[in-house]
Amino acid sequence: MTVVNKIPFLDLVTPHVDLEEELVSVFRGALRSAGFIGGPMVEDFEREFAEFCDTKYCVGVGSGTDALRFALSGAGVREGDSVITVPNTFIATTEAISQVGARPEFVDVDEQTSTMDPERLRDLLDAQCEREPGSGRLISRRTRRPVTAIVPVHLYGQTADMDPITEIAERHNLVVIEDSCQAHGAEYFSSKNNRWMKAGSIGRAAAFSFYPGKNLGACGEAGAITTNDEELAHKTRMIRDHGQVRKYFHDMEGYNGRLDAIQAGILRRKLKHLLSWNEQRQERAQLYNKLLSEVGDSAILPIAPPWAKAMYHLYVIRVKDRDQLIAMLALDNIGTGIHYPIPLHLQTAYGYLAYKEGDFPVSERLAREVVSLPMYPNLAAEQQHRVVEKIREILADRLAGKSDRSVLAAP
Ligand SMILES: *Cc1c(COP(=O)(O)O)cnc(C)c1O
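Sequence order as written defines residue numbering, which begins from 1 separately in each chain. A pLDDT threshold of at least 70 governs which residues receive local features in this predicted model, and a stricter bar of 80 or more applies before side-chain atom pairs are shown or counted, although totals over entire chains, interfaces and linings include all residues. Side-chain numbers here rest on the full set of heavy atoms in the structure, without hydrogens or water.

(A) Quick peek at the pairing of strand β16 (residues 315-319). β16 sits mainly inside the fold: 5 of its 5 residues count as buried. Taking every second residue as pointing to the same face, both faces of β16 are buried, with Y315, I317 and V319 on one and V316 and R318 on the other. Note on pairing: DSSP must find at least two bridges between two strands before they are called paired. Runs of H or I in DSSP of at least four residues are treated as helices and runs of E of at least two as strands, each being numbered from the N terminus. With 2 bridges joining them, strand β14 (residues 299-300) and β16 adopt antiparallel strand pairing. Within the sheet, the bridge partner assigned to A299 lies in β16 and is V319. Here β16 pairs with strand β17 (residues 370-373) via 4 bridges, running antiparallel. If you follow R318 over to β17, its bridge partner there is V370. We call a residue buried when its accessible area falls under 20% of the maximum for its residue type, exposed when it is over 50%, and partly exposed in between, using a 1.4 Å probe and counting protein chains only.

In structure tokens:
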């Protein structure tokens, strides 16, 4: 057997080697000024990222999870509340909800977009909640708690359908916090506002992650909150820094959740490339679309609705017998990912929420069928041809009944 070059699922080495001198100079600058926490690097990055997202404010924090938690808290979500999100996301979304003392409540995603289904959301709020006499609060029949916020997740680099979600939220007076952790630079055409809007500028606030593998990644942990709400920006600045407005004057308890200055400096350098990196991702996605369209209908390709400019954090297809496909690709040195194999309502950690299999059929089907193909700006066309050629072979063998299932049994 000839050994073929590996096509990794993610290549984090090349972009950092390309920028090595610049990134090292950030570190050198920090050493020489001993500016490790706060300072101009953080402020400059916050200003530039706010500009990138078309928002007035950006608050740099320690991670995407912190960004979500602080945004929820800064928007007034409290212990005992119910917060609505989707089961088809990374657990950080619901961890943040639980960490502010609220309880996650799920609505299913839309089959075409894999993001929050506005119809299901409408049904949950209109038919499965009731107004509390007196207070007028919206109470979930399921959790017996007041529903106060919605967290739509912009998945794989594509926004959720935000117009109907914000419309329903406004009608019920609920806060919308966007989970933009996978959607740096993604855009949504809002018919309501008659313009394209950046992910992170649509809800009351948004959370971004700069985990290394994201479209904009730090060389470590980092995150940010974006918002146009001055009060929320002010509150989250306090929450990230022990609740202080100035040193040792604490109006409340907060966290140690600041953005590291070295990471901010690195993010500033990388932010300059984000537009072109995102364009490269879109070109790679178009090539996959073209090549895979010839594979036949046994693979379902990503669907970008007319209101979405997706930035392909991930390129996710759907196939039957997903695990066999992944195992066969691995034999050929092709890396893949699964985002995500178990929907949150069926995770052991959420047993206490008492959901059961069948409650969110679309999320459950996606969890069985999704495969994320290699996707990064420096992915070469020849590599994409090889990935698709291999997929074509595997799926053709299946149709011909030659499918090799023994790979699944291999250790
Ligand atoms: C990455 C991610 C997060 C969490 O970000 P961290 O920086 O790892 O804390 C939250 N939500 C989604 C959808 C993510 O992909």
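(B) Structural detail: the sheet that holds strand β10 (residues 205-209). Spatially, β1-β11-β10-β7-β6-β2-β3 is the arrangement adopted by the 7 strands of the open sheet, whose pairing is mixed. Here the strands that pair on one side only, and so sit at the sheet edges, are β1 (57-61) and β3 (103-106). Within the sheet, the average angular offset between the axes of one strand and its neighbour, ignoring direction, is 25°. Judged from the 5 bridges that link them, β10 and strand β11 (residues 223-227) form a sheet pairing that is antiparallel. By the bridge assignment, A205 is partnered in β11 with T227. Contacts: residue pairs with any heavy atoms within 4.5 Å of one another. Here the axes come from fitting lines to C-alpha atoms, over the contacting stretch only for helices, and the angles between their N-to-C directions go from 0 to 180 degrees. Against the sheet, helix α5 (residues 92-99) touches β2 (82-85), β3 and β7 (175-179), its axis set at about 140° to β3. The sheet strands contacting helix α7 (residues 162-171) are β6 (147-150) and β7, and the helix crosses β7 at an angle near 150°.

(C) Structural context of the packing of helix α9 (residues 261-293) against helix α12 (residues 381-399). With their axes 10 Å apart at the nearest point, α9 and α12 run at an angle of 35° to one another. The two elements α9 and α12 cross, and the hand of that crossing is right-handed. In contact with R284, L287, Y288, L291 and L292 of α9, α12 contributes A381, Q384, H385, V387, V388 and I391. Gly is put with the polar residues, along with every residue not named as nonpolar or charged; the nonpolar set is Ala, Val, Leu, Ile, Met, Phe, Trp, Tyr, Cys and Pro, and the charged set is Asp, Glu, Lys and Arg. Residues belonging to the contact of α9 with α12 are distributed by class as follows: 8 nonpolar, 2 polar and 1 charged. When the near helix sits turned anticlockwise from the far one by under a right angle, the crossing is termed left-handed; a clockwise turn instead gives a right-handed crossing.

(D) Quick peek at the packing of helix α3 (residues 40-52) against α9. It is at 8 Å that the axes of α3 and α9 come closest, and there the two elements cross at 30°. As judged from the angle between their axes, α3 and α9 are roughly parallel. Considering only the axes of α3 and α9, their crossing is left-handed. Contacts from M41, V42, D44, F45, E48, F49 and F52 in α3 reach A261, I262, A264, G265, L267, R268, L271, L274 and L275 in α9. Grouping the amino acids of the contact of α3 with α9 by side-chain chemistry returns 12 nonpolar, 1 polar and 3 charged. The labels follow the angle: roughly parallel below 35 degrees, roughly antiparallel above 145, roughly perpendicular from 65 to 115, and oblique for the rest.

(E) Structural view of the side chain of S190. Secondary-structure assignment places S190 in strand β8 (residues 187-190). Discounting chain neighbours no more than four positions away, the residues touching S190 are D163, R195 and M197.

(F) How the structure looks around the sheet that holds β16. Overall, antiparallel pairing links the 3 strands, which are arranged β14-β16-β17 in an open sheet. Here the strands that pair on one side only, and so sit at the sheet edges, are β14 and β17. α9 rests against β16 and β17 of the sheet, and its axis sits at about 20° to β16.

(G) Representation of the environment of R32. Looking at the secondary structure, you find R32 in helix α2 (residues 20-33). When the C-alpha atoms of R32 and G220 are compared, they prove to be 20 Å apart, with 188 residues separating the residues in sequence.

(H) Fine view of the site of the ligand. The environment of the ligand is formed by 14 residues, the closest being G64, T65, Q182, S209 and K214. The separation between an oxygen atom of the ligand and a polar side-chain atom of T65 is 2.5 Å. In this structure, S209 approaches the ligand through a side-chain N or O atom, which is 2.6 Å from an oxygen atom. Shrake-Rupley sampling with a 1.4 Å probe provides the accessible areas, and residues are treated as covered by the protein chains on show and by no other component. When the ligand sits alone it has 380 Å² of accessible area, and the protein chains cover 93% of it. Residues are labelled near a given molecule or strand when at least one of their non-hydrogen atoms is within 4 Å of it. Polar contact is defined as a pair of N or O atoms within 3.5 Å, subject to the rule that within protein one atom must be able to donate a hydrogen and the other to accept it, and that residues adjacent in sequence are counted only when both atoms are side-chain atoms.

Everything listed here is a matter of geometry and, on its own, says nothing about what the molecule does.
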